[in-house]
Amino acid sequence: QSLSGATLRLETVHRLLAQDQQEVREHVRDIQRLLVAEQRDLRFFVRELRPALVIPAEPGESLATRLQELRERIQRQWGLHVDVCLQRLGAELPESLAYDMYHMAHEALINVARHARASTVRVELGVQDEQVHLSVVDNGRGFPFHGHYDLPTLMKMNLGPRTLRERTASLGGSLVIDSNASGVHLEITVPLTQLGA
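Residues numbered from 1 in each chain as written. Predicted model: local features only at pLDDT ≥ 70, side-chain atom pairs only at ≥ 80, totals over all residues. Heavy atoms only, no water.

1. Points about the environment of Pro-144
Part 1 of the argument: When you line up the elements, Pro-144 lands in the loop between strand S3 (131-138) and strand S4 (147-150).
Part 2 of the argument: Taking the C-alpha atoms as reference points, Pro-144 and Ala-116, 28 residues apart in sequence, are found 10.0 Å from one another. (Helix = DSSP H or I, 4+ residues; strand = E, 2+ residues; numbered from the N terminus.)

Here you go:
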């Protein structure tokens, strides 16, 4: 409700700035877009916390659309150049898995923006051989640890983003991180068909 109220107030401010203040209006529009995106993310979090609750999907709320919105938001907010490459994403991806893949991509990109000191990051997401592949590659300074690490090693040594480790493990997937002083290559693979689905 507070986010909805903030959005309405910003719409009012935008109408009041009908003079020739183009730059101010652009800033206001950016804040509006940010709030709308945050509202959408909150709806997804509510779905995860209360899976029995039915919340209708919004028009155009496809995985591809949400990833492109995320790309634009991170570029505006952090000044990080983000490339998104999507391959063979369509109806074959179950909604619950699309939700998980979005949040893993979100987590990985936010980590890069906040900690990597990178200028560019590339996200690739696609389906091949009954598996969903997510790759995130940046040109930053790498994790505090350098080398090649798989999921069991990351779990045992408590390395890497905890949320990504746990979500990947819960999906029966694999996570590999290659980290060095020139950047990080993070690769997540999960089966397209989930157990119990």
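2. Brief notes about the packing of aromatic side chains
Aromatic ring pairs are defined here through the distance separating the ring centres and the angle between the ring planes.
Part 1 of the argument: For the structure shown, the criterion picks out two aromatic pairs.
Part 2 of the argument: A centroid spacing of 4.9 Å and a plane angle of 5° characterise the contact between Phe-143 and Phe-145, whose relative ring orientation is stacked.
Part 3 of the argument: Accessibility expressed as a relative area gives 12% for Phe-145, which makes it buried.
Part 4 of the argument: A cation over an aromatic ring shows up here: Arg-66 above the ring of Tyr-102, its NZ or CZ 3.7 Å from the ring centre. (Phe/Tyr/Trp six-rings, centres within 6.5 Å; stacked < 30°, edge-to-face > 60°. Buried < 20%, exposed > 50% of the residue type's maximum accessible area, 1.4 Å probe, protein only. Lys NZ or Arg CZ within 6 Å of the ring centre and 35° of its normal.)

3. Considering the side chain of Thr-189
Part 1 of the argument: Checked against the element boundaries, Thr-189 lands in strand S6 (residues 183-191).
Part 2 of the argument: A distance of 3.2 Å separates a polar atom in the side chain of Thr-189 from a polar atom in the side chain of His-133. (Polar contact = N/O pair within 3.5 Å; in protein donor to acceptor, adjacent residues only side chain to side chain.)

4. A few points about the side chain of Asp-100
Part 1 of the argument: Along the polypeptide, Asp-100 turns up in helix H4 (residues 95-116).
Part 2 of the argument: A relative accessible area of 14% places Asp-100 in the buried class.
Part 3 of the argument: Polar contacts involving the side chain of Asp-100 include one to the side chain of Arg-167, which spans 2.6 Å.
Part 4 of the argument: Here Asp-100 is in contact with Arg-167 and Leu-171, once residues within four sequence places are set aside. (Contact = heavy atoms within 4.5 Å.)

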